[in-house]
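Architecture and fold: a report
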Amino acid sequence: MTSVSMFIWAMWLVAAADAKKEVEIIPASGDTQLHSSKLFLCKVKGGEAEMKWFYPNGMEIEDGEDQRFTVEKIDETTTTLQINTAEKNDNGIYTCVSTFEDGTAERVTVNINVVPPPTARISEESVNATAGSTSSITCVVEGDPQPHINWTRNGRPIKAKPGRFGFNSDQSVLTIYAVEKTDEGQYTCIATNKINSSSDNVTLHVSANQTEEEVPSPHSTRHTVQATDGQAAVVSILDSMKDQQAAQLAVLQRLAAQQEILARRVAEIGAGISQLTVLQSLSPPEKDHD
């Protein structure tokens, strides 16, 4: 074997030896939800090693020593660390140390950050709005990292639309412009970050626009009521029908009065004729003259 070939072979052996010393923790992100459990794998690629986990203070994590931390050896290339019911004081950098057969050691770390899940809260259970008005719904959101907010109506996403739907800068306030009856339904605020998601609901009720209409009362000359647009139209139609019927009644009353006068006149004439007939019958007959 030439010196060049021996050099290449030696370099390959060095590279192969280095490959055995690759260690990683899965997942690489240590973000953990408060009061939840999370599992981490420490894995060696291409070789065997003895692996140990260490607390942020440098002490080794012994299996069974603390019920909230469980260490388990899967095989010669993998070991796990599980945190049970994570607390805020569990935050810190945890280390996995892998010692290879040649005595060399490699270490890899994960920064565990225990955070509460996001919360979304709408103070009202229901919102009442009038058709044509503007209505706003506010969703109070908390979380770390800052959650992203989305809105839905009856399960369908709501997108900003000029003149109809709008949001503030962080989308925590939904504004509905020119409210319509079809806007009624259940509105949901959804807060999401890489830890988890949370949501809250509110129901929107829409009533017709109120207009003031004047309706005559049988007990007063004028009577004012509040009516909807539809009711106002019905009242207007009824008023028109009432006026027409009143005019017709006046005509009939005049005709009836005229007929009554005519009947009395006929009766008077008939009585006069009867009297003349009686008088005629009582008069003596005329004598003949020679």
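1. Structural notes on unusual backbone geometry
Each neighbour pair has its own omega, and for isoleucine 26 with proline 27 the value is 0 degrees, a cis peptide bond. Residue aspartate 144 is joined to proline 145 through a cis peptide bond whose omega torsion reads 5 degrees. Positive phi, close to 65 degrees, is recorded for histidine 35, a residue that is not glycine. Counting through the fold element by element, histidine 35 comes out in the loop between β2 (30-33) and β3 (38-45).

2. Some details on the sheet that holds strand β4 (residues 49-54)
If you trace the four strands from one edge of the open sheet to the other, you get β2-β8-β7-β4, paired in mixed fashion. Each edge of the open sheet carries a strand with a single partner, namely β2 and β4. The average angle at which neighbouring strand axes cross in this sheet is 25 degrees, direction not considered. Pairing geometry for strand β7 (residues 92-100) and strand β8 (residues 105-115), over eight bridges, is antiparallel. Each residue of the ladder has a partner; that of cysteine 96, found in β8, is valine 108.

3. Regarding the nonpolar core
Across soluble globular proteins, nonpolar side chains show a tendency to be buried alongside one another. Among the nonpolar cores identified, the biggest contains 23 residues, and Trp53, Ile61 and Tyr94 are the most heavily contacted of them. Of all the elements in the fold, those that place two or more residues in this core are β1 (22-26), β3, β4, β5 (69-75), β6 (78-83), β7 and β8. When residues in this core are grouped by element, the largest group, four residues, is from β8. Grouped together as the second largest cluster of nonpolar side chains are 20 residues, Trp151, Phe165, Val179 and Ala191 included.

4. Some points on the state of the cysteines
Here a disulfide denotes one covalent bond, and it connects the sulfur atoms of two cysteines. Evaluated as defined, the whole model comprises two disulfides. A disulfide bridge connects cysteine 139 with cysteine 189, and the sulfur atoms are separated by 2.1 Å. As the torsion about the S-S bond is roughly -85 degrees, the cysteine 139-cysteine 189 disulfide counts as left-handed. One end of the pair, cysteine 139, is in the loop between β11 (135-138) and β12 (140-142); the other, cysteine 189, is in strand β17 (residues 185-192), and 50 residues separate them in sequence. Under the relative-accessibility criterion, cysteine 139 is labelled buried at 2%. In the protein chain, numbering the disulfide-bonded cysteines from first to last in sequence yields the connectivity 1-2, 3-4.

5. Here we look at the packing of aromatic side chains
Aromatic ring pairs are described here by two measures, namely the spacing of the ring centres and the angle between the planes. Inspection of every chain in the model, using the stated rule, returns three aromatic pairs. One aromatic cluster is present, formed by Tyr55, Phe69 and Tyr94 through successive ring pairs. Over the aromatic face of phenylalanine 165 sits the side chain of arginine 164, whose NZ or CZ is 4.9 Å from the ring centroid.

6. Observations concerning the pattern of salt bridges
Evaluation of the coordinates by the stated rule reveals seven salt bridges. In this structure, the salt-bridge partner of aspartate 31 is lysine 194, at a minimum N-O distance of 2.5 Å. Pair noted here: aspartate 31 is in strand β2 and lysine 194 is in the loop between β17 and β18 (197-207), with a separation of 163 residues, a long-range link. Accessibility expressed as a relative area gives 61% for lysine 194, which makes it exposed. The closest approach of N and O atoms between glutamate 184 and lysine 181, which form a salt bridge, is 3.3 Å. The exposure class assigned to glutamate 184 is partly exposed, which follows from its relative accessible area of 27%. Bridged by salt links that share partners, the residues Arg164, Glu180 and Asp183 form one connected network.

7. Examining the sheet that holds strand β15 (residues 165-167)
If you trace the three strands from one edge of the open sheet to the other, you get β11-β16-β15, paired in antiparallel fashion. Either end of the sheet is taken by a strand with one partner, and the two such strands are β11 and β15. On average, adjacent strands in this sheet sit at an angle of 20 degrees to one another, irrespective of strand direction. Where β11 and strand β16 (residues 173-176) come together, four bridges link them in antiparallel fashion. Opposite threonine 138, over in β16, you have valine 173 as the bridge partner.

Parameters at a glance
Residues numbered from 1 in each chain as written. Predicted model: local features only at pLDDT ≥ 70, side-chain atom pairs only at ≥ 80, totals over all residues. Heavy atoms only, no water. Helix = DSSP H or I, 4+ residues; strand = E, 2+ residues; numbered from the N terminus. Pairing = 2+ DSSP bridges. Axes fitted to C-alpha atoms, helices over the stretch in contact; angles between N-to-C directions. Core = buried A, V, L, I, M, F, W, Y, C linked by side-chain atoms within 4.5 Å. Buried < 20%, exposed > 50% of the residue type's maximum accessible area, 1.4 Å probe, protein only. Disulfide = S-S within 2.5 Å. Phe/Tyr/Trp six-rings, centres within 6.5 Å; stacked < 30°, edge-to-face > 60°. Lys NZ or Arg CZ within 6 Å of the ring centre and 35° of its normal. Salt bridge = Lys/Arg side-chain N within 4 Å of Asp/Glu carboxyl O.

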